[in-house]
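Structural features, examined
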Amino acid sequence: MAKAHASAVIDAPIETVWKIVRDFNGLPNWHPAIARSEIEGGLSSAEVGCIRSFYLTDGAHVREQLLALSDIDHSLSYSFVKPAFPIKNYVAAIRLIEIGEGDRTLAEWTAVFDEEPEDAGKYVEIVSTHVFAAGWAALQAKLAS
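These numbers come from a predicted model, not from an experiment. (Residues numbered from 1 in each chain as written. Predicted model: local features only at pLDDT ≥ 70, side-chain atom pairs only at ≥ 80, totals over all residues. Heavy atoms only, no water.)

Time to look at helix H1 (residues 14-21). Every buried residue of H1 is accounted for by Ile14, Val17, Trp18, Ile20 and Val21. Projected onto a plane normal to the axis of H1, the buried residues spread over an arc of 160° and lie on a single side. The inward-facing, buried residues of H1 abut strand S1 (2-10), strand S4 (61-70), strand S5 (75-82), strand S6 (88-99), strand S7 (104-114) and helix H2 (122-144). (Buried < 20%, exposed > 50% of the residue type's maximum accessible area, 1.4 Å probe, protein only. Helix = DSSP H or I, 4+ residues; strand = E, 2+ residues; numbered from the N terminus. Arc of directions from axis to C-beta. Contact = heavy atoms within 4.5 Å.)

Below, the structure written as structure tokens:
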């Protein structure tokens, strides 16, 4: 099983970061790789089980299902319904942790998944760097402006 991970310290209070991150349909507002997104079936983006259907800036179509959302723990998890990569059993999680006096937030984004043997490690780097780390960098920049 492959594991991808990226963390970042974001210079904003946890509630400010969480308000943005918890919107399961909000990726186009802060992640540079996401062109547009919608929640299927008219469900709320906070409803566990909802599916977000989105397009990457390169035109690829992805579908993901919200598995859990906790305002208490500032965390959510989701899985691929239609992945952007040839991987299986993908489950990702985002967790925020308040740092110090509350003006900074530790943001963690992790995923576990299965790759084909010939792809061992290939998608770990792509997901960790180009999806997760790029997302945290863009969110930090958005909050700084």
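So, about the pattern of salt bridges. In the structure shown here, the tally under the stated rule is six salt bridges. With its nearest N and O atoms 2.6 Å apart, the salt bridge here joins Arg52 to Glu64. Note that Arg52 is positioned in strand S3 (residues 51-56) and Glu64 in strand S4, a separation of 12 residues in sequence. Accessibility assignment for this pair places Arg52 and Glu64 in one class, buried. Between Glu108 and Arg95 there is a salt bridge; the shortest N-O distance is 2.5 Å. With Glu108 in strand S7 and Arg95 in strand S6, this pair connects stretches of sequence that are 13 residues apart. (Salt bridge = Lys/Arg side-chain N within 4 Å of Asp/Glu carboxyl O.)

Quick look at the sheet that holds S1 now. If you trace the seven strands from one edge of the open sheet to the other, you get S1-S7-S6-S5-S4-S3-S2, paired in antiparallel fashion. Every interior strand has two partners, whereas the edge strands, S1 and strand S2 (34-39), have only one. Going from strand to strand, the sheet's axes swing by 20° on average, the running direction of each strand aside. Sheet topology note: the S3/S4 ladder contains five bridges and is antiparallel. Within S4, the residue paired with Ile51 across the bridge is Gln65. (Pairing = 2+ DSSP bridges. Axes fitted to C-alpha atoms, helices over the stretch in contact; angles between N-to-C directions.)

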